[in-house]
Amino acid sequence: MNYEDFLQSAISVVRVASSMSKTVQKRFRQETGTLSKMDTSPVTVADFAVQALILSELDDGTFKFIAEETSAQLKENSDLLKDVTDTVNSALPGRPQLSENQICGAIDLGSYGGGDSLLTWVLDPVDGTKGFMRMQQYCIALGLLDRGKVVLGVLGCPNLPFDATRTGCVFYAKRGSGAFCVPVDGTHAPRQIKVSPTEDVSDCRFMESVESAHSSFEQSAKIASILGVKEPPLRMDSQCKYGALARGDGQIYMRFPRAGYEENIWDHAAGSVVIEEAGGTVTDGIGHPLDFGLGRKMKNQRGIVATNGVFHEAVISAVKEVL
Ligand SMILES: Nc1ncnc2c1ncn2[C@@H]1O[C@H](COP(=O)(O)OS(=O)(=O)O)[C@@H](OP(=O)(O)O)[C@H]1O
Ligand SMILES: [Mg+2]
Ligand SMILES: [Mg+2]
Ligand SMILES: [Mg+2]
């Protein structure tokens, strides 16, 4: 299978969703627009609207979908459901309007359990919801699994600079075809991107989450010090970090959640293929490949390390030393 048509559909729908989410972010009010989920993490009108828009656009009856949100809380909040429905319909002008029921149905297409060989889209509608709420970085992350392997990934990063004059990037990669970056608004042709070739640790920059609850800053600082990295970390929300590393903004990304935390596949699937196709390496904290074929969660792994390839072994040895 060549997947090119799937890639083009994914880029196109992520572009529409990126613009829609940016409009929502501009009018977003934290006090009225946020719900807390069972695990206390936040969810907003944008998370629901992006999931409904992307799954309804991609659904042709042949795919499975694994996506972060469900409609349960939305159904209990009629103002929010109306807001989500209006937001999606305004982003798709000239289409038959989706009803509130259809919006909930589209969101719930994403509840598939995974772990088998079917063609499955994996979506994080808003990765870095806390970044979205802080008016900072967030990412719409869409990947496609075939027999549990990521075959393509698209990252819509509406607030990430493309160059000195343009804000908003879409990163994309298809296995075996390289990685690319294009402005969300299409005002420049796609550019092929490569990880930073630097081998010099004094030029090396590492990236990590903004939220200290998501990753141990203490552990990453120890590893950076063992490696001799002098630059302070570049902290950024979401899989924007994967896009940034893929184009050479930094050389190392480290993520060390608390013991027992199981990563969701939608937090890493799309980003991992973008880095690999840009020439980088992504593994868990002790150098094992990431497995996206076991279900909605990644199992038997702890931490994530992504690098330009050059520093990978050195980072993994330092992780083992610190553990
Ligand atoms: N406790 C804990 N530990 C580790 N990871 C967690 C934790 N809680 C949440 N999450 C997940 O982190 C996702 C956000 O990714 P980042 O941490 O890279 O970005 S951020 O800086 O926190 O925004 C975030 O994704 P979104 O929920 O899509 O924003 C979560 O899936
Ligand atoms: Mg979330
Ligand atoms: Mg996420
Ligand atoms: Mg999310």
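Since this is a predicted model, take the numbers as computed values, not measurements.

The rules behind each value
- Residues numbered from 1 in each chain as written.
- Chains lettered and ligands numbered in written order.
- Predicted model: local features only at pLDDT ≥ 70, side-chain atom pairs only at ≥ 80, totals over all residues.
- Heavy atoms only, no water.
- pLDDT = per-residue confidence, 0-100.
- Helix = DSSP H or I, 4+ residues; strand = E, 2+ residues; numbered from the N terminus.
- Near = heavy atom within 4 Å.
- Polar contact = N/O pair within 3.5 Å; in protein donor to acceptor, adjacent residues only side chain to side chain.
- 1 Å grid on protein atoms, 1.4 Å probe; cavity = no way out; pocket = protein on both sides within 12 Å on 5 of 7 lines; lining within 4 Å.
- Sits in = over half its atoms within 2 Å of the grid points.
- Points joined across faces, edges and corners; volume = space filled by probe spheres on them.
- Nonpolar A, V, L, I, M, F, W, Y, C, P; charged D, E, K, R; others polar.
- Donors = N, O, S within 2.8 Å, 3.2 Å for Na, K, Ca; no water.
- UniProt positions renumbered as here; feature names shortened; annotations may be inferred.
- Contact = heavy atoms within 4.5 Å.
- Pairing = 2+ DSSP bridges.
- Axes fitted to C-alpha atoms, helices over the stretch in contact; angles between N-to-C directions.

## Some points on the confidence of the model for the protein
Detailed reading of the predicted model is not advised wherever pLDDT is low.
Thinking step 1. Of the residues in the protein, 100% reach a pLDDT of 70 or more, and the chain-wide mean stands at 96.
Thinking step 2. Element-level mean pLDDT values for the protein span from 72 in helix α2 (residues 30-33) up to 99 in helix α10 (residues 269-277).
Thinking step 3. Overall fold confidence (pTM) sits at 0.97, and the ipTM for the predicted complex is 0.94.

## Looking at the site of ligand 1
Thinking step 1. Among the 20 residues in the neighbourhood of ligand 1, the closest are listed as G128, S209, H214, K241 and D267.
Thinking step 2. Interatomic distance of 3.0 Å between a backbone N/O atom of S238 and an oxygen atom of ligand 1.
Thinking step 3. A distance of 2.8 Å is found between a nitrogen atom of ligand 1 and a side-chain nitrogen or oxygen belonging to R255.
Thinking step 4. If you map ligand 1 onto the pockets, it falls in the largest pocket.

## What to know about empty space enclosed by the protein
Where empty space is left can be seen by rolling a probe of water-molecule size over the atoms.
Thinking step 1. This structure, assessed with the given rule, holds 2 cavities of 30 Å³ or more.
Thinking step 2. Of the voids in this model, the largest cavity is the one considered here, and its volume is about 50 Å³.
Thinking step 3. The wall of the largest cavity is formed by I66, G114, G115, D116, L118, T120, L145, G148, F292 and G293.
Thinking step 4. If you add up the space inside the second largest cavity, you get close to 30 Å³.
Thinking step 5. Looking at the second largest cavity, the residues that line it are Q219, F256, G285, R302, V319 and L323.
Thinking step 6. When its residues are assigned to classes, the lining of the second largest cavity shows 3 nonpolar, 2 polar and 1 charged.

## So, the coordination of the magnesium ion (ligand 4)
Thinking step 1. Looking at the magnesium ion (ligand 4), the protein donor atoms are E68 (OE), D124 (OD) and V126 (O), and they sit 2.0 to 2.2 Å from it.
Thinking step 2. Expressed as a motif, the donor residue spacing for the magnesium ion (ligand 4) is E-x55-D-x1-V.
Thinking step 3. Taken as a pair, the magnesium ion (ligand 4) and the magnesium ion (ligand 2) lie 3.6 Å from each other and share E68 as a ligand.

## Some points on the UniProt feature "binding site: Mg(2+)" (unreviewed entry) in the protein
Thinking step 1. If you check UniProt for "binding site: Mg(2+)" (unreviewed entry), the listed places come out as E68, D124, D127 and D267 in our numbering. A maximum C-alpha distance of 9.4 Å is found for the annotated residues, which run over 200 residues; spatially they form one tight group. Lining of the largest pocket among the annotated residues: E68, D124, D127 and D267.
Thinking step 2. Checked against the element boundaries, D124 lands in strand β4 (residues 120-127).
Thinking step 3. Setting aside residues no more than four positions away along its own chain, D124 makes contact with E68, C139, I140, A141, W266 and D267.
Thinking step 4. Tracing the backbone through its elements, the reader meets D267 in the loop between β12 (252-255) and α10.
Thinking step 5. Each residue touching D267, except ones within four places of it in the same chain, is listed here: D124, D127, Q239, Y242 and Y261.

## Some remarks on the sheet that holds strand β10 (residues 206-208)
Thinking step 1. Strands sit in the order β11-β10-β12-β14-β13 across an open sheet of 5 strands; the sheet is mixed. One side of each edge strand has no neighbouring strand; the edge strands of this open sheet are β11 (234-235) and β13 (281-284).
Thinking step 2. Sheet analysis places β12 next to strand β14 (residues 304-307), joined by 4 bridges and oriented antiparallel. Within β14, the position partnered with Y253 by the bridge is A306.
Thinking step 3. Packed on one face of the sheet, helix α8 (residues 217-227) meets β10, β11 and β12 and runs near 175 degrees to β10.
Thinking step 4. Here α10 sits on the sheet and contacts β13 and β14; the angle it forms with β13, its principal contact strand, is near 135 degrees.

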